[in-house]
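Here are the chains, one letter per residue:
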Amino acid sequence: MKSPIPPQFARSRKQESSMEKNENTQQNEQAQATPAAETAPDTTPSLEEMLQESERKAQEHYDAWMYAKAESENIRRRAAEDVSKAQKFAVERFSNEMLAVKDSLEAGMAVQTDNIESFKSGMELTLKQLSSVFEKFNIKEINPVGEKLDPHKHQAIGMLESEQEANTVVNVMQKGYSLNDRILRPALVMVAKSKE
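Residues numbered from 1 in each chain as written. Predicted model: local features only at pLDDT ≥ 70, side-chain atom pairs only at ≥ 80, totals over all residues. Heavy atoms only, no water.

Undergrad: Is there a simple way to explain the packing of aromatic side chains in this structure?
TA: Note on aromatic pairs: each is described by the distance of the centres and the angle between the planes. Considering all chains together, one arrives at 3 aromatic pairs under this definition. Taken together, a centroid distance of 6.1 Å and an interplanar angle of 40 degrees make the contact between tyrosine 62 and tryptophan 65 tilted. Here tryptophan 65 and tyrosine 62 lie together in helix α2 (residues 47-89), a separation of 3 residues that amounts to about one turn. Judged by relative accessible area, which is 49%, tryptophan 65 ranks as partly exposed. Ring plane angle 90 degrees and centroid distance 5.4 Å describe the contact between phenylalanine 94 and phenylalanine 137, whose orientation is recorded as edge-to-face. (Phe/Tyr/Trp six-rings, centres within 6.5 Å; stacked < 30°, edge-to-face > 60°. Helix = DSSP H or I, 4+ residues; strand = E, 2+ residues; numbered from the N terminus. Buried < 20%, exposed > 50% of the residue type's maximum accessible area, 1.4 Å probe, protein only.)

Undergrad: Where do I start with the sheet that holds strand β4 (residues 176-179) in this structure?
TA: Strand order in the open sheet made by the 3 strands is β1-β4-β5, with antiparallel pairing throughout. A strand with exactly one partner marks an edge of an open sheet, and here the two such strands are β1 (139-142) and β5 (182-185). If you compare each strand with its neighbour and ignore which way they point, the axes differ by 35 degrees on average. Bridge count between β4 and β5: 3 bridges; the pairing is antiparallel. Paired with leucine 179 across the strands is arginine 182, a residue of β5. (Pairing = 2+ DSSP bridges. Axes fitted to C-alpha atoms, helices over the stretch in contact; angles between N-to-C directions.)

This is the structure in structure tokens:
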């Protein structure tokens with residue numbers, strides 16, 4: 001004969017049976033869900049789609065590269081044209097200023113006068129005009145009398161007996177000129193001999 005089950009144990013048996021039912025229901029749902037997941041459509045792209053996407057990106061990169069190459073070629077061509085124009089017309093302003101000096105010289109030569117003083121004063125005015133053009137364009141005169149010989153600025157063409165220190169410029173045969181501190185023409189000079 002079965003012994004009666006105390007009420008607290010009987011309740012737990014009910015709970016156990018309901019828990020077993022819940023577990024069975026969950027297992028059935030999982031079993032049903034698994035085939036559904038297997039039959040769901042595949043969301044990863046196919047090889048053909050990946051290839052098409054790669055080709056599209058490669059074409060975009062090629063187009064961007066070709067654009068950049070064409071743009072750099074245009075910049076290079078424009079820069080070469082600018083340099084060419086700068087070389088051709090760099091002396092335009094200087095040339096315009098020099099035309100005024102030439103006009104003054106021609107006007108002085110056209111004057112018929114026997115007075116040497118008026119001719120000389122006209123030449124002095126023209127020389128002042130030329131000097132102002134040189135000053136405007138930063139052309140400086142190199143007249144190194146009394147300076148030490150500098151082979152970058154002076155060209156010695158001879159030596160003279162002198163009381164000055166050796167290699168000191170004694171006489172300037174032809175003045176030199178510099179443009180923006182760059183030598184256009186060195187001064188032709190005579191220098192002092194060393195004392196023996």
